Amino acid sequence: MEPLGGVIQPTLREIDDLIASYCPKGSPEYTKITGMSLALLRSSPLLRSLPPAALRRVLKFARWREFPAGMDVFTKYDQASHLFIIGRGRVKIFSASAGKKRKTFAYLGVGKFFGEMALLEGRERSASAQAVEDTQLLLIHKRDFKAMLLEDSKLAVTLLHVLSDRLRRANEEIEGLMFRNVLGRVSKTLITLAEQSGKRWRGGMLIGGKFTHQELADLVGTTREPLSRALAALRRADLVEVRHGQLFLRDPRKMRDLVGDGAPV
Ligand code: CMP
């Protein structure tokens, strides 16, 4: 995400002092909080947009919870009480129908947040969330989230930025469902994953995390067979490789051209 102009970010030293002001330096709690908070702050646009006073409140009132791989964080239509920020691990956002069909909307990694929609709308959860790896989440109660939003317009701007990005991607996905075949949609999904969690490597992009064919099919909005055929075609075309279980896009630019998506990766 582009940095937002004029956002005042506390230095890591200031954060350290803040934490020490409510839990003694050297205590096990201090060590745990500083280790997690600093790593999280480096990667979380939401937390980084907070001024020190608001950050102090988050660190004071928020609590950490562990979710082992495969555990639900919440289910669609649940009542909502918290916003979540990912400190460690990965979370899948999805919707499942009674006939076992699933649509995965996103995989979210460290620093990303979720669960804000139900809080903002005062409604139930719009989708389910599940830990796909052993995951540690920072839970912020809706009361604190709302107080922070009302006090700090920069936080609201950061939130709008993320929500706009999600809406843009949702529009692109609708376009894809209408105008692209499965090969085009698989290519587009892999490009999106590379943008969100990829690392540049040997002139290409290595996608973070490992995905089964079923998981990729749920993301693309297809079933396993067409997904496997599309992946095989991309491998034959030397565009995609699997390296130690991770997907590697050898030539993301060419893939973008193929799906008619000209912006640079
Ligand atoms: P909420 O409705 O509270 O619970 C489900 C959460 O999933 C939702 O808030 C968002 O935080 C998140 N979410 C929903 N749709 C998407 C999406 N398309 N991309 C990323 N996250 C999403």
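Now for a description of the structure that goes with this document. All values reported here derive from a predicted model rather than from experimental measurement. (Residues numbered from 1 in each chain as written. Predicted model: local features only at pLDDT ≥ 70, side-chain atom pairs only at ≥ 80, totals over all residues. Heavy atoms only, no water.)

## Section: the site of the ligand
What counts here: For this purpose, a residue is taken to be near a molecule or strand whenever a single non-hydrogen atom of the residue falls within 4 Å of it. Here a polar contact is taken to be a pair of N or O atoms separated by no more than 3.5 Å, where protein atoms must pair a possible hydrogen donor with a possible acceptor and residues adjacent in sequence count only if both atoms sit in side chains. For every accessible area listed, the method is Shrake-Rupley and the probe measures 1.4 Å; residues are considered covered only by the protein chains on display. Labels follow the DSSP assignment, with helices taken as runs of H or I lasting at least four residues and strands as runs of E lasting at least two, numbered in each case from the N terminus. When residues are sorted by character, Ala, Val, Leu, Ile, Met, Phe, Trp, Tyr, Cys and Pro go into the nonpolar class, Asp, Glu, Lys and Arg into the charged class, and all the rest, Gly among them, into the polar class.
Taken together, the neighbourhood of the ligand is formed by 13 residues, with Gly115, Glu116, Ala118, Arg125 and Ser126 sitting nearest. Contact distances for the ligand include 3.3 Å between an oxygen atom and a backbone N or O atom of Met117. One of the backbone nitrogen or oxygen atoms of Ala118 is found 3.0 Å away from an oxygen atom of the ligand. In isolation the ligand offers 460 Å² of accessible surface; the protein chains occlude 90% of this area. Of all the elements in the fold, those that place two or more residues in the shell around the ligand are β5 (102-108) and α5 (116-121). At three residues, α5 tops the list of elements feeding residues into the shell around the ligand. For the shell around the ligand, the class distribution of residues is eight nonpolar, two polar and three charged.

## Description of helix α7 (residues 153-179)
Filter applied, for reference: Under the convention used throughout, the expected extent of a helix is 1.5 Å for every residue step, that is, one less than its residue count. We call two residues in contact when some of their heavy atoms are within 4.5 Å.
Given a rise of 1.5 Å per residue, 27 residues ought to cover 39 Å, and the 38 Å separating the end C-alpha atoms of α7 matches this to within 8%. Looking at the buried positions of α7, the neighbouring elements they touch are α3 (45-48), β6 (113-114), α5, α6 (142-151) and α8 (182-197). The N-terminus of α7 is capped by Asp152, whose side-chain oxygen sits 3.2 Å from the backbone nitrogen of Lys154.

## So, the packing of α8 against helix α9 (residues 213-220)
We count it as follows: Note on geometry: axes are C-alpha line fits, over the in-contact stretch for helices, and angles between N-to-C directions span 0 to 180 degrees. Convention used here: angles under 35 degrees read as roughly parallel, angles over 145 as roughly antiparallel, angles from 65 to 115 as roughly perpendicular, and any remaining angle as oblique.
Here α8 crosses α9 at 100°, and the two axes come no closer than 10 Å. Considered as vectors, α8 and α9 are oriented roughly perpendicular to each other. Here Arg185, Val186, Thr189, Leu190 and Leu193 of α8 lie close against α9, whose contacting residues are Leu216, Leu219 and Val220. Class assignment for the residues of the contact of α8 with α9 results in six nonpolar, one polar and one charged.

## Some words on the side chain of Ser187
This is how it is decided: Classification of residues uses two cut-offs on accessible area relative to the type maximum, computed with a 1.4 Å probe and protein chains only: under 20% is buried, over 50% is exposed, and between them is partly exposed.
Assignment of secondary structure puts Ser187 in helix α8. Judged by its relative accessible area of 5%, Ser187 is buried. Sequence-distant contacts of Ser187, that is, excluding residues within four places in its chain, are made with Leu234, Met255 and Val259.

## Description of a nonpolar patch on the surface
Just so we agree on the cut-off: Candidates for patches are residues over 30% relative accessible area with no salt bridge; among them, like charges are joined within 9 Å and nonpolar side chains (Val, Leu, Ile, Met, Phe, Trp, Tyr) within 5 Å. Whenever a carboxyl oxygen of Asp or Glu lies within 4 Å of a side-chain nitrogen of Lys or Arg, that contact is scored as a salt bridge.
A contiguous nonpolar surface patch, about 480 Å² in accessible area, is contributed by Ile174, Leu177, Met178 and Phe179. Secondary-structure assignment places Phe179 in helix α7.

## Describing the pairing of strand β12 (residues 246-249)
Short version of the rule: In this description, strands pair whenever DSSP reports at least two bridges between them.
Here strand β10 (residues 204-207) pairs with β12 via two bridges, running antiparallel. By the bridge assignment, Met205 is partnered in β12 with Leu249. Pairing analysis gives four bridges linking strand β11 (residues 240-243) to β12, with the strands arranged antiparallel. Residue Val240 lies in a different strand from β12, and its bridge partner there is Leu249.

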